[in-house]
Amino acid sequence: MRVWSWMVFVAGLTAALLGAPERVRADDAAQARFHHQRATQSYVAGRYDAALEEFFAVQRLAPSPGTLFNIARCFERLGRAEETYLFYAEYLASDDDDDRLRESAEAVLARLAPRVARIRVVTEPPGAAVYVDQQDRGRYGLAPTVVAVAPGARAITAELEGYRPVRAEVQAVRGQEQVVELTLERVLGRLTVNGPAEGVYRLLDAEGETVAEAALGQPVTAPPERYVLVVQADGHRPWRSIAEVEADAAREVQATPQRLPPPSGAVTVTANRSGALVRLDDEEVGFAPLALTAVPVGEYRLSVSYDGVRPWEGQLIVNANEQAWVTTTLTPPPSTRRSPLSYVFAGIGAGALVAGSVFAVLARNRRNRWENERDAFADPVTLTNLRNETETFNLTADVLMVGGGVSFGVGLLLFFLTEERQDEAASAEISRAPR
């Protein structure tokens, strides 16, 4: 039996070295090896108290399941049943896969079970540090765990960061295992974030996870900590800050996000008259072609005007994040057109009437000379010439007067029959596309 115990102990010493964390600092590892050597020497010499002190130093510097086993073995040699049970149980709760050591620890626990009072401590949430009676004696592991204590009244305390400590009284009985279930209350603080408009806010932890969320003006509860505060308020840019939640305290934070510009769209106005004046709701905004890049969303009265032509006016709706193109066609004012032939015939007729009047005057003058020459018994040849000229001039005058009257009449008739009224209203085409 003694040989078997020695082999188990040597295996435990080996496990203590092999089970040290890989990331132990070089100086800690050196110190751990130093204390491990001294612990081995003290144990071999039978100085178990000294060995315990050295093994505890090793466990602080380089924790490992093997060292837990060695500590339990030292307590076993000292005959301290409660501590022996505690450290063997803690060893078995580790991830060490040495079958020989685990078999040995289980055998010792089975042997000690009738001799010690056991308390199984279960906490919600798990992971709380367990203390028995006075906390200065150190913790008895992390819940859920089984602690071995001396019989009698015992105070079990559970502590977990972020929770209020909870304490329970229990009567420990030798050879029995009792279960103590403890529920820890979370320590919380209260925070209210106010903003300039309706919206929501979120508290983010160091990993960027949302811890709490509420509408602006509504409080949230969260563990005491510093959080990233993200605020989203209507009509404002997202706002971030740092907010601290204090334990059992209520705080208010005023968010000051920057206001967003009002929703707007873009409008481009073109016209068939370069330089046409553009107005929005009777306000002059520029000359076509014109590009307006930030027109507030809404309904407007748009007008485009240019001297000498008919203006266009109509309704324009500007939508958020939309480009509107307004293409206007301005038209001349109302006018009347007639066939050019009416003026041609009228002009010819008027010219013929004038010419006819001239020949009528010439014919009268020739007749007057003929009459005067006849009374003076002029030469017959002269009288014949004068009479012929008078007749020629009279005929020409008659032809011109008749033709001129007809031509003028035709022109006058065409003037009224070919009348055309031109009255085309100005127009516009509006097209849209997302901006």
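Structural data are supplied above this passage.
Residues numbered from 1 in each chain as written. Predicted model: local features only at pLDDT ≥ 70, side-chain atom pairs only at ≥ 80, totals over all residues. Heavy atoms only, no water.

A.B. asks: What is the right way to look at the overall build of the protein in this model?
C.D. replies: A count of helical and extended segments in the protein gives eight helices and 25 strands. Relative to the 2.2 N^0.38 estimate, which gives 22 Å for 435 residues, the radius of gyration of the protein is 59 Å and therefore markedly larger than a compact globule would have. For the protein, the spread of C-alpha atoms along the three principal axes comes to 195 × 40 × 30 Å. Summed over its atoms, the accessible surface of the protein is roughly 25100 Å², and 52% of this surface lies on carbon and sulfur atoms. (Helix = DSSP H or I, 4+ residues; strand = E, 2+ residues; numbered from the N terminus. Rg over C-alpha atoms; globule rule 2.2 N^0.38 Å. Areas by Shrake-Rupley, 256 points an atom, 1.4 Å probe, with all protein chains shown as cover.)

A.B. asks: It is not clear to me how the sheet that holds strand S7 (residues 177-183) should be interpreted in this structure. Could you clarify?
C.D. replies: As summarised here, the arrangement of the three strands in space is S3-S1-S7, forming an open sheet in which the pairing is mixed. Every other strand in the sheet has two partners, leaving strand S3 (145-149) and S7 as the edge strands with one partner each. Across the sheet, the mean angle from the axis of one strand to that of its neighbour is 30 degrees, orientation sign disregarded. Across seven bridges, the pairing between strand S1 (residues 117-124) and S7 is parallel. (Pairing = 2+ DSSP bridges. Axes fitted to C-alpha atoms, helices over the stretch in contact; angles between N-to-C directions.)

A.B. asks: Sorry, what's going on with the side chain of Thr145 here?
C.D. replies: One can find Thr145 in strand S3. A relative accessible area of 15% places Thr145 in the buried class. Other than its neighbours up to four places away in sequence, Thr145 contacts Ile119, Arg120, Val121, Val130 and Tyr140. (Buried < 20%, exposed > 50% of the residue type's maximum accessible area, 1.4 Å probe, protein only. Contact = heavy atoms within 4.5 Å.)

A.B. asks: Can you walk me through a negative patch on the surface in this structure?
C.D. replies: On the surface, Asp95, Asp97, Asp99, Glu103 and Glu106 cluster together into a patch of negative charge. Residue position: Asp99 is located in helix H6 (residues 99-112). Taking relative accessible area as the criterion, Asp99 reaches 61% and is therefore assigned exposed. (Patch = residues over 30% accessible without salt bridge, like charges linked within 9 Å, V, L, I, M, F, W, Y side chains within 5 Å. Salt bridge = Lys/Arg side-chain N within 4 Å of Asp/Glu carboxyl O. Lys, Arg positive; Asp, Glu negative; His and termini not counted. Charge placed at Lys NZ, Arg CZ, Asp CG, Glu CD.)

A.B. asks: Would you explain the packing of helix H4 (residues 65-78) against helix H5 (residues 81-92) in this entry?
C.D. replies: Packed helix pairs are specified by the crossing angle of their axes together with the interaxial distance, meaning the distance between the axes. Relative to each other, H4 and H5 sit at 160 degrees, their axes nearing to 8 Å. Here H4 lies roughly antiparallel to H5, going by the angle between them. For the crossing formed where H4 meets H5, the hand is left-handed. Contacts between H4 and H5 involve Pro65, Leu68, Phe69, Ile71, Ala72, Arg73, Phe75 and Glu76 from the former and Glu83, Thr84, Phe87, Tyr88, Glu90 and Tyr91 from the latter. Its residues assigned to classes, the contact of H4 with H5 shows nine nonpolar, one polar and four charged. (Parallel < 35°, antiparallel > 145°, perpendicular 65-115°, else oblique. Left-handed = near helix turned anticlockwise from the far one by under 90°. Nonpolar A, V, L, I, M, F, W, Y, C, P; charged D, E, K, R; others polar.)

A.B. asks: Teacher, can you tell me more about the environment of Val170 here?
C.D. replies: Here Val170 shows up in strand S6 (residues 166-172). Given the relative accessible area of 11%, Val170 is considered buried. The sequence separation of Val170 and Ala155 amounts to 15 residues, and the corresponding C-alpha distance is 6.3 Å. In this structure Val170 touches Ile119, Gly152, Ala153, Arg154, Ile156, Gln178 and Val180, once residues within four positions along its chain are discounted.

A.B. asks: How should I be thinking about the pairing of strand S17 (residues 277-280) in this particular structure?
C.D. replies: For a regular strand, side-chain orientation follows a simple rule: the groups alternate between the two sheet faces. Where S17 lies against strand S18 (residues 283-287), four bridges are found, and the strand directions are antiparallel. Bridge pairing links Val278 to Gly286 in S18. What sits between S17 and S18 in their antiparallel hairpin is a turn of two residues, with Asp281 showing a positive phi close to 50 degrees. Examined bridge by bridge, S17 and strand S20 (residues 298-305) share four bridges and lie antiparallel to one another.

A.B. asks: Please explain a nonpolar patch on the surface as it appears in this structure.
C.D. replies: On the surface, Leu341, Val344, Phe345, Ile348, Val402, Val406 and Val410 cluster together into a nonpolar patch covering about 590 Å² of accessible area. Among the secondary structure elements, those contributing two or more residues to the nonpolar patch are helix H7 (340-375) and helix H8 (380-417). Examining the composition of the nonpolar patch, we find that four residues originate from one element, H7, more than from any other. Mapped onto the elements of the fold, Phe345 is located in helix H7. Judged by its relative accessible area of 32%, Phe345 falls in the partly exposed class.

A.B. asks: Teacher, can you tell me more about the environment of Ala206 here?
C.D. replies: Take Ala206: it is sitting in the loop between strand S10 (199-204) and strand S11 (210-215). Judged by relative accessible area, Ala206 falls into the exposed class, the value being 72%. For the pair Ala206 and Arg237, spaced 31 residues apart in sequence, the C-alpha separation works out to 23 Å.

A.B. asks: Even after reading the chapter, I still don't get the packing of aromatic side chains, so can you show me in this structure?
C.D. replies: Applying the stated criterion to the full structure yields seven aromatic pairs. Measuring from ring centre to ring centre gives 5.2 Å for Tyr43 and Tyr48, while their planes differ by 70 degrees; the resulting arrangement is edge-to-face. Both rings, one in Phe75 and one in Phe87, keep their centres 5.5 Å apart while their planes meet at 25 degrees; by these two values the pair is stacked. You can see Phe75 sitting in helix H4 and its partner Phe87 sitting in helix H5, a full twelve residues away along the chain. By the burial criterion, Phe75 is buried, and Phe87 matches it. One aromatic cluster in this structure is built from Phe56, Phe75 and Phe87. One cation-aromatic arrangement involves Arg102 over Tyr91; the distance from NZ or CZ to the ring centre is 5.9 Å. (Phe/Tyr/Trp six-rings, centres within 6.5 Å; stacked < 30°, edge-to-face > 60°. Lys NZ or Arg CZ within 6 Å of the ring centre and 35° of its normal.)

A.B. asks: Please clarify how the nonpolar core should be interpreted in this entry.
C.D. replies: Note that soluble globular proteins tend to have their nonpolar side chains buried in a common cluster. Ile119, Val147, Ile156 and Leu182 are the most contacted members of the largest nonpolar core, which has 47 residues in total. Looking at this core, the element that brings in the most residues is H5, giving eight residues. Among residues more than four places away in sequence, those in contact with Leu182 are Val121, Val122, Thr123, Glu124, Ile156, Ala158, Val166 and Ala168. Listed in part, the 19 residues of the second largest apolar core include Val267, Val269, Leu280 and Leu330. (Core = buried A, V, L, I, M, F, W, Y, C linked by side-chain atoms within 4.5 Å.)

A.B. asks: Any chance you could explain the sheet that holds strand S22 (residues 322-329) here in plain terms?
C.D. replies: Hydrogen bonds between backbone groups are what pair the strands of a sheet, and the pairing can be parallel or antiparallel. The strand order across the open sheet built from four strands is S19-S16-S22-S25, with neighbouring strands paired in mixed fashion. Of all the strands in the sheet, the pair left with one neighbour each is strand S19 (290-296) and strand S25 (427-434). Taking the axes of each pair of neighbouring strands and ignoring which way they run, one obtains an average angle of 20 degrees across the sheet. In the sheet, strand S16 (residues 264-271) pairs with S22 via six bridges, with the strands oriented parallel. Directly across from Ala266, in S22, lies its bridge partner Gln323.

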